[in-house]
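Reading the structure
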Amino acid sequence: MSFLEYAPAPESRAILNLRDEYGLFIDGEFRAGSGESFATISPADEKHIATIAAASEADVDAAVAAARRAYDKTWSKMSGRDRGKYLFRIARLVQERARELAVAESLDNGKPIKESRDVDVPLVAAWFFYYAGWADKLDYAGLGADPRSLGVAGQVIPWNFPLLMLAWKIAPALAAGNTVVIKPAETTPLSALIFAEILQQADLPPGVVNIITGAGATGSALVRHPDVNKVAFTGSTGVGREIAKAVAGSGKSLTLELGGKAANIVFEDAPIDQAIEGIVNGIFFNQGHVCCAGSRLLVQESIHDEVVERLKSRLSTLRLGDPLDKNTDIGAINSRAQLDRIRELSQIGEDEGAERWSAPCVIPENGFWFAPTIFTNVQASHRIARDEIFGPVLSVLTFRTPGEAIEKANNTPYGLSAGIWTDKGSRILAVADRLRAGVIWANTFNRFDPASPFGGYKESGYGREGGRHGLAAYLKGAA
Ligand code: NAD
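Residues numbered from 1 in each chain as written. Predicted model: local features only at pLDDT ≥ 70, side-chain atom pairs only at ≥ 80, totals over all residues.

Brief notes about the site of the ligand
Stated formally: In this analysis a residue is considered near a molecule or strand if the C-beta atom, reconstructed from its backbone, is found within 6 Å of that molecule or strand. Per the convention used, a helix needs a DSSP run of H or I reaching at least four residues, while a strand needs a run of E reaching at least two, with both numbered from the N terminus. Throughout this entry, Asp, Glu, Lys and Arg are counted as charged residues, while Ala, Val, Leu, Ile, Met, Phe, Trp, Tyr, Cys and Pro are counted as nonpolar. The remaining residues, Gly among them, count as polar.
In the region of the ligand, 28 residues are neighbours, and G216, G219, G235, E257 and C291 sit closest. Elements represented by at least two residues in the shell around the ligand include exactly α7 (216-224) and α8 (237-247). Broken down by element, the residue count for the shell around the ligand peaks at four residues, all from α7. A breakdown of the residues in the shell around the ligand according to their chemical character gives 13 nonpolar, 10 polar and five charged.

This is how it looks when you write it as structure tokens:
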């Protein structure tokens, strides 16, 4: 029980105007799917939200055909200036409907409303504004003399940041002059379907963006479709590997944004108060469903006990519960399958000899929940130090020298992100230089900006999203 009591402060759902059933968004209109439709539920109480169409191979074919027609007839012929106007319009409509989108996202995904409202949705708008600005400046981006779009992009995204991942995919693709067929994850299709309404409101020419719902089979049909020129995937390393094999030799361009097991390195001279907040944000933001989460804390041995004690005290103040409550810090785990995986890996952590501590919070009766958890006495060989748990679980390891910290941080098959906490600028530069990670934060964590490229090394995938680099992934010969 926390020492401060909070009255419930639920965000109203009245702003939502949901349909009972959603079709596929193809050629500017919703239409029935020919696959077996499925339900999307709220992970906080397992209640039904809406019935969602599933795209069969024939539907995927229709969506790609619509994207091809739109590419040939309108989008590839339109000036960058006009493309930019559509993107600005979409960005403004996202801002106008921000509250509705945030409520839908928290309902369908389980993330706290304060995160969807203050992080996800504002970043979605920022991404569209940013790439709107690039649409008429491709010639000046240093990406070749006459940069040309690739054609039809087939994009598949995960459930952890449903609308933000959609923005990361669609905004640069359209700015560069491509048309799109995108598939949201099967547990979180809702915000993408509301986004389809925004595209109608923006009067985007039919077929420029097509949104098809369904599970892995739909995604697989999309990335294998012979008339897709570019495949962009964000998701697990296993599926990414499969897609890389399927696409090899087909002439399609490919970007893969996969998993991670980031080291968050805290030196003894770090500003401890900020570091504690940064560690908490690094792994407990979005229930740890973050590919770049700081899931391995590497703390200098001399301050280990102090850091762990302060972390436990801070975690004891976090409020877990209703994602739509404005006071909630930790929302629901997105699905039963993900909860099972987090439980299994945590059990393995205990069995392998690490010491488990979970924050004392009341777990609601229904829905999928996992208390913020810390493992200490973790060895580099433990599964919880190697596998991506993708949940609110932090593994704490120690080091004595900067060299040891770097060696341990790089001892992972992944290479997506890392964090460094120290008072010394020179140490930040020296350590960052030797870390094999695509994104490195210093004295902060989980900061995103559309102007800053994001992506990984090794099993975290290849290609960059965001910034000028993100445009290159959608232009011929530029990537
Ligand atoms: P997932 O790979 O199971 O699913 C991702 C998407 O791929 C979903 O839309 C799914 O329906 C689809 N899919 C599944 N099988 C497919 C197939 N054979 N062919 C084509 N599409 C298929 O991953 P997930 O569980 O949804 O997401 C969690 C994973 O995503 C984590 O490993 C996380 O690290 C990673 N992730 C990475 C980033 C990044 O930017 N690097 C961002 C978010 C999530």
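Re the sheet that holds strand β5 (residues 48-52)
The line we're drawing: Any two strands with at least two DSSP-identified bridges between them are counted as paired.
With mixed pairing, the three strands of this open sheet are ordered in space as β1-β5-β4. Two strands lie at the open edges of the sheet, namely β1 (21-22) and β4 (38-41), each paired on one side alone. Direction of pairing for β1 relative to β5: parallel, over a ladder of two bridges. The residue of β5 that forms the bridge with Y22 is I52.

A word on helix α1 (residues 57-75)
Rule in force here: Three exposure classes are used. Buried residues have 20 or more other C-beta atoms within 10 Å of their own C-beta, exposed residues have 12 or fewer, and partly exposed residues fall in between, all C-beta atoms being placed from the backbone. Here, residues touch in the contact sense if the C-beta positions derived from the backbone fall within 7 Å of one another.
Every buried residue belonging to α1 is among D59, V60, A62, A63, V64, A66, A67, A70, Y71 and W75, and all of these are buried. The secondary structure elements touched by the buried residues of α1 are β2 (24-26), β6 (152-156), β7 (179-183), β8 (209-211) and α7.

Examining the sheet that holds strand β15 (residues 393-399)
Cut-off, in case you're wondering: Axis definition: a line fitted to C-alpha atoms, over the contacting stretch in the case of helices. Angles run 0 to 180 degrees between N-to-C directions.
Strand order in this open sheet of seven strands is β13-β14-β15-β12-β11-β16-β17, and the pairing throughout is mixed. If you trace the sheet from one side to the other, it starts and ends with β13 (355-358) and β17 (439-442), each paired once. Averaged over neighbouring strand pairs, the angle between their axes works out to 20° when direction is ignored. In the packing of helix α10 (residues 304-315) onto the sheet, the strands contacted are β11 (263-266), β12 (296-300), β13, β14 (373-376) and β15, and the crossing angle to β14 comes to about 160°.

Examining the packing of helix α5 (residues 162-175) against helix α6 (residues 190-201)
Using the following cut-off: Our angle categories are set so that under 35 degrees counts as roughly parallel, over 145 as roughly antiparallel, 65 to 115 as roughly perpendicular, and the remainder as oblique. Crossings are sorted by hand: turned counterclockwise from the far helix by less than a right angle, the near helix makes the crossing left-handed, and turned clockwise it makes it right-handed.
Running from N to C, α5 and α6 cross one another at 50°; their axes reach a closest spacing of 8 Å. Compared by their axis directions, α5 and α6 come out oblique. Crossing angle aside, the handedness with which α5 passes α6 is right-handed. Here α5 contributes P162, L163 and L166 to the contact with α6, which in turn contributes S191, A192 and F195.

Considering α10
In an α-helix, one turn spans 3.6 residues; hence positions three or four apart end up facing the same way. What counts here: One fewer than the residue count of a helix, multiplied by 1.5 Å, yields its expected span. Relevant arc is that of directions from the helix axis to the C-beta atoms, nothing else.
An ideal rise of 1.5 Å per residue puts 16 Å on 12 residues; α10 measures up with 16 Å between its terminal C-alpha atoms. Every buried residue of α10 is accounted for by V307, L311 and L315. One side of α10 carries all its buried residues, which in axial view fall inside an arc of 60°. Structural note: α10 exposes D305, E309 and S313 on the side pointing more than 90 degrees away from its buried face. Taken together, the buried residues of α10 touch β11, α9 (272-284), β12 and β14.

A look at the pairing of β14
Because side chains alternate across β14, one face comprises the buried residues T373 and F375, and the other comprises I374 and T376, equally buried. The pairing of β13 with β14 spans four bridges and is classified as antiparallel. Note on β14: the bridge partner recorded for W357 is I374. Where β14 lies against β15, three bridges are found, and the strand directions are parallel. Its bridge partner being in β15, I374 is matched across the sheet by L394.

Here we look at the packing of α9 against α10
Contact pair α9 / α10: the axes reach a minimum separation of 10 Å and the direction vectors enclose 60°. Considered as vectors, α9 and α10 are oriented oblique to each other. The two elements α9 and α10 cross, and the hand of that crossing is right-handed. Along the contact surface, α9 presents I276, I279 and V280, while α10 presents R310, L311, R314 and L315. Taken together, the residues of the contact of α9 with α10 sort by class into five nonpolar, no polar and two charged.

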